[in-house]
Amino acid sequence: MSNTFKFVYYILTGFLLFTILSVYSYSQSTFFHESFDDENYSARGWYDEPKFNLDSTDFIGNYGCSARFTFLQGERTPKAGGRIQFTPSDEIYLSYWVKYSANYVGSQKTYHPHEFNFTTTENHQYVGPAYTHLTTYIEHNNGIPLLVIQDGDNVDENNIGKDLKNITEYRAVAGCNGSSDSYPEGDCYLNVNLHWNGKQWKASKAYFSDSIGPYYKNDWHFIEAYFKLNSIQDGKGVPDGIIQYWYDGTLIIDAPNAALRTGAFPDMKFNQFLVLPYIGDGSPVEQTMWVDELTVASSRPETGVEEKTLGQNHYGVYPNPINESSVVRFYLNKSENVKINVYDVLGNLISTIFNGRLNKGEHQILFNTNNKFENMANGTYYIRLFFNSQILTNIILK
């Protein structure tokens, strides 16, 4: 086997990092975490008749359940979802694992399906998310991830199409009253007798693909999103908000200097999360989305690592590029069951590098290309780390 593998790894942060890697330093506050392993939703704060269809056959790790959302053909919703409130915050971070059925096509329109929303203290706990003082959306359309804001309830109906940024704080920021930041103005459309709006930030390409490989939609992927409200100074909104989206640890949407509110709402804070999948025109086919290990927090976990413990990386393969005697290295803050597998691009298991229990501390597992990997052809492969049966990360080898 060639010894010229090139190593590229991407960090899938999320819920496992704060339970596994003690070398991290966090300033985030975790508002709630949902594993979808039992039906005691109300006891955990979910409301509005919460219902999640639990799937014990497809989930992250080797035990537990995921939440399965199946749209029947022609249906607008999968008849599953719920709402949960949390401590009001100027910034909000969402992480979750997701996969889609191999035939998943979404809405086949330029809009929808809606997946996840945040609303704010400016609206009541049962508000319809589409027409509010601020709603944020985390979703994808035709496989292209996007983040969206709406604030139709703020639209000045007497000045549709007029830029009010330097005239009044009683205006919408997501369309109909001009752009309140350096990004293009959002959509503005009439719904019955009121104007609704929507401003979106999209990834540069499709990341949920029909093709088997790193973007295959029928594999589990780790998604993160972050919204930070812009500040209010001297009664006016300052475009210094932040909107971001990570796909499997890679930042693919980055919108600094964004406007999400005006001086009309100086006390606005995020306080509600909604899981309400929706296809307005009805699902074109029967299709399914699975979600697991969902976390809402105040901010993304920090990525600082103690140099004395792991050098510049908290896990990875060393050296880079790989040679005949490299190692997979990682740190545990307690005794864990660890499995390290190698897969080809079709998802077939090629080999298990290690499977056993390890004590707290730093570990180095030999990656010997002249031993277990001698029959592998040149190409792209994946190393997957499992800590206590939970997937921590994928490492791509080429």
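Residues numbered from 1 in each chain as written. Predicted model: local features only at pLDDT ≥ 70, side-chain atom pairs only at ≥ 80, totals over all residues. Heavy atoms only, no water.

Draft legend 1. Representation of the side chain of asparagine 154. Locating asparagine 154 in the fold gives a position in the loop between strand 10 (144–150) and strand 11 (187–191). Judged by relative accessible area, which is 11%, asparagine 154 ranks as buried. Here the side chain of asparagine 154 touches histidine 133 through a polar contact of 2.5 Å, side chain to side chain. When near neighbours in sequence (up to four residues on either side) are disregarded, asparagine 154 contacts Thr132, His133, Tyr170, Arg171, Ala172, Asn177 and Phe265. (Helix = DSSP H or I, 4+ residues; strand = E, 2+ residues; numbered from the N terminus. Buried < 20%, exposed > 50% of the residue type's maximum accessible area, 1.4 Å probe, protein only. Polar contact = N/O pair within 3.5 Å; in protein donor to acceptor, adjacent residues only side chain to side chain. Contact = heavy atoms within 4.5 Å.)

Draft legend 2. Structural detail: the packing of aromatic side chains. On inspection of all chains with the given rule, the structure shows 23 aromatic pairs. When the ring centre of tryptophan 290 is taken as reference, the NZ or CZ atom of lysine 99 above it lies at 5.3 Å. (Phe/Tyr/Trp six-rings, centres within 6.5 Å; stacked < 30°, edge-to-face > 60°. Lys NZ or Arg CZ within 6 Å of the ring centre and 35° of its normal.)

Draft legend 3. Layout of the sheet that holds strand 3 (residues 46–51). Read from one edge of the open sheet, eight strands run 3-6-18-8-9-10-12-11, paired in antiparallel fashion. Because the sheet does not close on itself, it has two edges, and the strands there are strand 3 and strand 11. In this sheet, neighbouring strand axes are inclined to one another by 25° on average, regardless of whether the strands run parallel or antiparallel. (Pairing = 2+ DSSP bridges. Axes fitted to C-alpha atoms, helices over the stretch in contact; angles between N-to-C directions.)

Draft legend 4. How the structure looks around the side chain of histidine 133. With respect to the element layout, histidine 133 can be found in the loop between strand 8 (114–120) and strand 9 (135–141). Under the relative-accessibility criterion, histidine 133 is labelled buried at 16%. Leave out the neighbours within four places in its chain, and histidine 133 touches Glu122, Asn123, Gln150, Asp151, Asp153, Asn154, Phe265 and Met268.

Draft legend 5. Main features of the confidence of the model for the chain. Per-residue pLDDT for the chain has a mean of 82; in total, 75% of the residues score no lower than 70. Low pLDDT, under 50, characterises residues 1–27; the predicted model gives this stretch 104 contacts beyond four residues in sequence or across chains. Long-range and interchain partners of residues 303–325, a stretch whose pLDDT sits below 50, account for 73 contacts in this model, where long-range means more than four residues apart. (pLDDT = per-residue confidence, 0-100.)

Draft legend 6. Representation of the pattern of salt bridges in the model. Applying the stated criterion to the full structure yields 11 salt bridges. Of the charged contacts, one joins lysine 79 and glutamate 75 as a salt bridge, the two residues approaching to 2.8 Å between their closest N and O atoms. Put simply, Glu34, Asp38 and Arg44 are held in one network by salt bridges that share partners. (Salt bridge = Lys/Arg side-chain N within 4 Å of Asp/Glu carboxyl O.)

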